[in-house]
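The primary structure of each chain is shown beneath.
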Amino acid sequence: MSETTFGYLTEQNLPLFTDLYELRMMQAYHEQDHNPRATFSLFVRDLPPNRGYMVAAGVAQAIHYVETLSFGERAIEYLTEQGFDDAFLSYLADFEFTGEVRALPEGTLVFPNEPLLEVTAPILQAQLLETALINQVGYQSLIATKASRMRDVIDREGDGQRLVDFGSRRAHGTDAAMKAARAAYIGGFDATSNVAAGEAFDIPVSGTMAHSWVQNFEHERDAFEAFVDEYGDESVLLIDTYDTVRGAEIAKDVAETREVDLRGVRLDSGDLPALSKAVDEVIPEIDQFISSGMDEYAIHEFFDRDGVGAGFGPGTALVTSTDAPKVEGVYKLVAVERDGEMQPSMKLSKGKVTYPGAKSVRRIESDGRYTGDVLGLRGEESPGEEQLVTVIEDGDRSYEIPALDEIRETAREQRQKLPEEHRRIEDPEPYDVRISDGLREETDELRATIESRISE
């Protein structure tokens, strides 16, 4: 088996990134010559705890996956070993997506039951996409939301402090670290410490020094002098290896004797609000960068206790969304072609009822603030501005993916338009998502039809 050091997915086996039951259903559809057009909707039923909104992210990767998906020799060989039929494998060898994908543009705020993506295609094609689409969109949206909450706390309580992603070493794998850096930037971070993410996504990179640098020298002063001699005014000195306040005093003296204007110092342990105030007494003219255990709650506490800092470096809490580490995206069939026409479909399972039909998401705005959304049927007339856009049409991309800075700005603008009661980091008020008359009527009628069939 061919593989890279840090990952197992390549263009050769990427189409295998799906659950086995998808391929088994596809083979059965193929053998029975049952390939109607179908619409699947990707959404979340509920937001994670203490989330009043979610930021859509990962759509760019989802689009790339769909438009480049093909089964090469390696994938076909493996599926042959798994016992799939030759006729089905021949179909896969010529696989090409020919359908439509509609999506919320990245940076758009999203709420329960609203589609992040909708796929309409022959069911053999649409079925295959489930695992990868949930994976790409769900994780990045989770992290973009976590980042957005941190940026929002700073916007409301701080003074424009910088946010730098420090989370790569604690992410659940290299791919997660890369996607987290991208998602964090969308959510409002300013930079990442991950150089590969900086190169891949054109995100600014930022870094300081480690405790090992200081420990490597006999005296803390020697470590600071060596670093300053190398990096001059760009130096950020880590001052808490031994005694934080004493470290600040040494940093000040080194800056004066070496005649440099330090870019900053970093605090990475202890009672950070209290220590930052003590350090500010020693070096008020030098910016402090605060790391260790940072997230929206810690940043709020830092401000509440009058901590002094010019920036924060969230790590573990960012890339794992520690307080709410999952978002349960689902990909559900909402319409299927019968007798040449698309017919609505829905689940009635207790606690997992779905709304039928292809959707519309319309957002209502008044005086620069969002007042609610209308979740309706596609094509139904409703107030507000449609949020879903067609990104793939007849198998070809029909949407130009914005630059990451534009996506980041979209997230910022939409967050600021959301009333504060929905943005609180604890116990936010639910945002109003109204079900349109047409969708409610469709749901009630289909429920009655299905229940009558069950009772027959």
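All of the points below concern the structure found in this document. (Residues numbered from 1 in each chain as written. Predicted model: local features only at pLDDT ≥ 70, side-chain atom pairs only at ≥ 80, totals over all residues. Heavy atoms only, no water.)

Here we take up empty space enclosed by the protein. In the structure shown here, the tally under the stated rule is one cavity of 30 Å³ or more. The space that makes up the largest cavity amounts to roughly 50 Å³. Lining the largest cavity, in full, are Ser41, Phe43, Asn113, Val334, Thr354, Tyr355 and Lys359. (1 Å grid on protein atoms, 1.4 Å probe; cavity = no way out; pocket = protein on both sides within 12 Å on 5 of 7 lines; lining within 4 Å. Points joined across faces, edges and corners; volume = space filled by probe spheres on them.)

Counting across every chain of the model gives 31 salt bridges. Aspartate 152 serves as the salt-bridge partner of arginine 156, at 3.0 Å between the closest nitrogen and oxygen. Pair noted here: arginine 156 and aspartate 152 are both in helix 6 (residues 130-157), with a separation of four residues, about one helical turn. According to the relative accessible area criterion, aspartate 152 is buried, its value standing at 2%. Among the ionic pairs, glutamate 386 bridges to arginine 362, the shortest N-O distance being 3.8 Å. Placement of glutamate 386 in strand 16 (residues 385-386) and of arginine 362 in strand 14 (residues 359-366) is noted, with a sequence separation of 24 residues between them. Residue class for glutamate 386 comes out partly exposed when judged on its relative accessible area of 26%. A single salt-bridge network, built from bridges that share partners, covers Arg51, Lys146, Arg149, Asp295, Glu296 and Asp323. (Salt bridge = Lys/Arg side-chain N within 4 Å of Asp/Glu carboxyl O. Helix = DSSP H or I, 4+ residues; strand = E, 2+ residues; numbered from the N terminus. Buried < 20%, exposed > 50% of the residue type's maximum accessible area, 1.4 Å probe, protein only.)

Quick look at the sheet that holds strand 14 now. Two modes of strand pairing occur in sheets, parallel and antiparallel, and in both the strands are linked by backbone hydrogen bonds. An order of 16-14-15-19 is seen for the four strands of this open sheet, with the pairing classed as mixed. The sheet terminates laterally at strand 16 and strand 19 (433-435), the two strands that pair on one side only. Relative to strand 19, strand 15 (residues 369-377) is paired through three bridges, and the arrangement is parallel. Bridging from a neighbouring strand, leucine 375 pairs with isoleucine 435 of strand 19. On the sheet, helix 15 (residues 404-417) packs against strand 14 and strand 15 and is oriented at approximately 105 degrees with respect to strand 15. Docked against the sheet, helix 16 (residues 437-455) engages strand 14, strand 15 and strand 19, running at close to 40 degrees with respect to strand 15. (Pairing = 2+ DSSP bridges. Contact = heavy atoms within 4.5 Å. Axes fitted to C-alpha atoms, helices over the stretch in contact; angles between N-to-C directions.)

A few words now on a negative patch on the surface. A contiguous patch of negative charge on the surface is contributed by Glu96, Glu393, Asp394 and Asp396. Positionally, aspartate 396 belongs in strand 18 (residues 396-397). (Patch = residues over 30% accessible without salt bridge, like charges linked within 9 Å, V, L, I, M, F, W, Y side chains within 5 Å. Areas by Shrake-Rupley, 256 points an atom, 1.4 Å probe, with all protein chains shown as cover. Lys, Arg positive; Asp, Glu negative; His and termini not counted. Charge placed at Lys NZ, Arg CZ, Asp CG, Glu CD.)

Even without being a glycine, aspartate 33 presents a positive backbone phi close to 55 degrees. With respect to the helices and strands, the residue aspartate 33 is situated in the loop between helix 1 (20-31) and strand 1 (37-44).

Looking now at the environment of alanine 180. Along the chain, alanine 180 falls in helix 7 (residues 174-187). Separated by 36 residues in the primary sequence, alanine 180 and alanine 144 place their C-alpha atoms 7.7 Å from one another. Excluding anything up to four places from it in sequence, alanine 180 contacts Tyr139, Ile143 and Val319.

To continue, consider the layout of surface pockets. Taken as a whole, the largest pocket encloses approximately 1100 Å³ of empty space. Lining the largest pocket we find 35 residues, and of these Leu9, Leu14, Gln136, Asp175 and Lys179 sit closest to its centre. Ranked by the residues each element gives to the lining of the largest pocket, the list is headed by helix 6, at six residues. The residue makeup of the lining of the largest pocket, split by class, is 16 nonpolar, 16 polar and three charged. The volume enclosed by the second largest pocket comes to roughly 570 Å³. As for the second largest pocket, its lining consists of 19 residues, and the residues nearest its centre are Phe166, Arg169, Arg266, Asp268 and Ser291. Looking at the lining of the second largest pocket residue by residue, the classes come out as three nonpolar, twelve polar and four charged. (Nonpolar A, V, L, I, M, F, W, Y, C, P; charged D, E, K, R; others polar.)

It is the contact of helix 6 with helix 7, at a shortest axis distance of 7 Å, that shows an interaxial angle of 45 degrees. Between helix 6 and helix 7, the interaxial angle falls into the category oblique. Taken as a pair, helix 6 and helix 7 cross one another with a handedness that is right-handed. Between helix 6 and helix 7, the contacting residues are Gln136, Tyr139, Gln140, Ile143, Ala144, Ala147, Ser148 and Arg151 on the first element and Ala176, Lys179, Ala180, Arg182, Ala183, Ala184, Ile186 and Gly187 on the second. (Parallel < 35°, antiparallel > 145°, perpendicular 65-115°, else oblique. Left-handed = near helix turned anticlockwise from the far one by under 90°.)

A few words now on helix 13 (residues 296-304). Since there are 3.6 residues in each turn of an α-helix, residues three or four apart along the chain are aligned in direction. Three or more residues of helix 13 are buried, namely Glu296, Ala298, Ile299, Phe302 and Phe303. Viewed along the axis of helix 13, the buried residues span an arc of 165 degrees, placing them on a single side of the element. On its buried side, helix 13 packs onto helix 6, strand 6 (162-165), helix 12 (272-282), strand 10 (288-291) and strand 11 (311-313). Between a side-chain oxygen at the N-terminus of helix 13 and the backbone nitrogen of tyrosine 297 the separation is 3.0 Å; the capping residue is aspartate 295. Positive backbone phi, at 65 degrees, marks aspartate 306, one or two positions downstream of helix 13. (Arc of directions from axis to C-beta. Polar contact = N/O pair within 3.5 Å; in protein donor to acceptor, adjacent residues only side chain to side chain.)

In terms of nonpolar packing, the biggest core is built from 119 residues, with Leu133 and Leu237 touching the most fellow members. Per element, the largest residue contribution to this core is ten residues, and it comes from helix 6. With sequence-adjacent residues up to four places away left out, leucine 237 is seen in contact with Met209, Phe224, Phe227, Val228, Ala251, Leu262, Gly264, Val265 and Arg266. (Core = buried A, V, L, I, M, F, W, Y, C linked by side-chain atoms within 4.5 Å.)

Note that all results are geometric; they support no functional claim without further evidence.
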